[in-house]
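Structural description and commentary
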Amino acid sequence: MKLILLGAPGAGKGTQATRLEEIFKIPHISTGDIFRNNLKNKTPLGLKAKAYMDQGLLVPDELTIDLVMDRLAENDCRNGYILDGFPRTQAQAEALDERVEIDAAIDVDVPDKLIVERMAGRRVCPNCGEPYHIKYEPPKKEGICDRCGTALIIREDDKPETVLKRLDVYHEQTAPLIGHYKEAGKLIQVDGTQSVDKVTQDIVEALKK
Ligand code: AMP
């Protein structure tokens, strides 16, 4: 099964992708995580991407599209994947359309006001990438990753001013893709304001249909 997760930054795509990965046993591919890993390892790609990420801007298509296409060619993607954070522009969606036929694009819908509140409580494990929220999905031990025991951090681009910029960019460049997948008959819309479990349940039920 080849899935895309659409939705604003902070809508819960990463959380849902982690769950869908376990349910369907297909890899979760997050372009944001790929860029952050490159940044952590100080690769040329990571250093180029950093300037855009820190400002809440999208990394240019010419750096992003080939990266994802190479990832999709890897062995573990044979039976499908969950794309989290890609495509984010019309050009990325067209590049993906040329290459594969996806099964569904899932739009996790959350109003901006709630997004801003959620982002303020977001934490992430710098080691394994597991996402948390101090109110909605806290780790068992405060400030520590359940999976690997590393101290959690606030992402640089989760700072309030960057969050607002990321939302602008989302509405301008990524939200139009909802129409793109609706026209293609691939769109599933779920109410992302519900509990994490209920959102997962709605997605799984919609996929069964
Ligand atoms: P995310 O973790 O998905 O919110 O991504 C964090 C940042 O990585 C974004 O704000 C962008 O700067 C960059 N990024 C992630 N995915 C893409 C993409 N598909 N196209 C361009 N930039 C991206």
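Further up the page is the structure itself.
Residues numbered from 1 in each chain as written. Predicted model: local features only at pLDDT ≥ 70, side-chain atom pairs only at ≥ 80, totals over all residues. Heavy atoms only, no water.

Strand order in this open sheet of five strands is β2-β3-β1-β4-β7, and the pairing throughout is parallel. Unpaired on one side and paired on the other, β2 (28–30) and β7 (187–191) mark the two borders of the sheet. For this sheet the average axis-to-axis angle between neighbouring strands, irrespective of direction, equals 20 degrees. Bridge count between β2 and strand β3 (residues 81–84): three bridges; the pairing is parallel. Looking across to β3, one finds that I29 is bridged to L83. Sheet contacts for helix α2 (residues 31–40): β2 and β3; angle to β2, the most-contacted strand, approximately 65 degrees. (Pairing = 2+ DSSP bridges. Helix = DSSP H or I, 4+ residues; strand = E, 2+ residues; numbered from the N terminus. Axes fitted to C-alpha atoms, helices over the stretch in contact; angles between N-to-C directions. Contact = heavy atoms within 4.5 Å.)

What follows deals with the side chain of R118. Examined against the element boundaries, R118 turns out to sit in helix α6 (residues 112–120). Buried charged residue R118 carries no salt bridge. Nearest counter-charge: E117, at 7.1 Å. Among residues more than four places away in sequence, those in contact with R118 are G10, A11, G12, V110, H133, Y136, G192 and T193. (Buried < 20%, exposed > 50% of the residue type's maximum accessible area, 1.4 Å probe, protein only. Lys, Arg positive; Asp, Glu negative; His and termini not counted. Salt bridge = Lys/Arg side-chain N within 4 Å of Asp/Glu carboxyl O.)

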